[in-house]
Amino acid sequence: MRARDTIEPDPVTLALSALAWTLSDAPRAERLLALTGLDSDELRARAGDPSLLAAVLGFLAQHEPDLTACADALDISPQALIAAHRKLET
């Protein structure tokens with residue numbers, strides 16, 4: 001049984017991990033900044049802000065290949081990322 005099947009991760013922790021994964025690839029990071037309207041300084045300053053983290057997860061949710069790749073890298077299900085997104089949006 002893989003970790004993705006047993007534990008529901010904390011949404012903030014999961015979103016921070018997803019943010020780190022997103023930023024690990026320059027083209028993907030540039031796309032995140034372009035689509036969200038954020039700049040790198042704002043991203044650093046607001047990294048713990050639930051609304052920013054929700055935006056990061058929303059960014060991933062809008063592009064299924066990235067959502068799936070991120071979930072695989074974090075050893076969780078794509079649905080866990082979507083669930084964290086919903087929790088952070090509230």
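Structure first, text after, so check above.
Residues numbered from 1 in each chain as written. Predicted model: local features only at pLDDT ≥ 70, side-chain atom pairs only at ≥ 80, totals over all residues. Heavy atoms only, no water.

### Remarks on the environment of Val-12
For clarity, the cut-off: Runs of E in the DSSP output that reach at least two residues are strands. Runs of H or I that reach at least four are helices, and both are numbered from the N terminus. Here, residues are in contact when the closest pair of their heavy atoms is within 4.5 Å.
Note that Val-12 resides in helix α1 (residues 11–23). Not counting residues up to four positions away in its chain, the partners in contact with Val-12 are Leu-53 and Leu-88.

### Let's talk about the nonpolar core
Quick reminder of the rule: Grouping buried Ala, Val, Leu, Ile, Met, Phe, Trp, Tyr and Cys residues that are joined through side-chain atoms within 4.5 Å yields what is termed a nonpolar core. Per-residue accessibility, obtained with a 1.4 Å probe over protein chains only, is compared with the maximum for each type, and a residue is labelled buried under 20%, exposed over 50%, and partly exposed between these values.
By size, the foremost hydrophobic cluster in this structure holds 23 residues, and its most contacted members are Leu-57, Leu-60 and Leu-81. Top element by residues in this core is helix α4 (residues 50–61). It accounts for seven residues. Setting aside anything within four residues of it in sequence, one finds Leu-60 in contact with Ala-18, Trp-21, Thr-22, Asp-66, Leu-67 and Cys-70.

### Regarding the packing of aromatic side chains
This is how it is decided: Note on aromatic contacts: the rings of Phe and Tyr and the six-membered ring of Trp form a pair at centre separations within 6.5 Å, being stacked when their planes are under 30 degrees apart, edge-to-face when over 60 apart, and tilted otherwise. Note on criteria: charge over ring means Lys NZ or Arg CZ within 6 Å of the ring centre, with the direction from the centre no more than 35 degrees off the ring normal.
Using the criterion set out here, one finds zero aromatic pairs in the structure. Here the guanidinium or amino end of Arg-28 rests over the ring plane of Trp-21, the centre of that ring lying 3.5 Å away.

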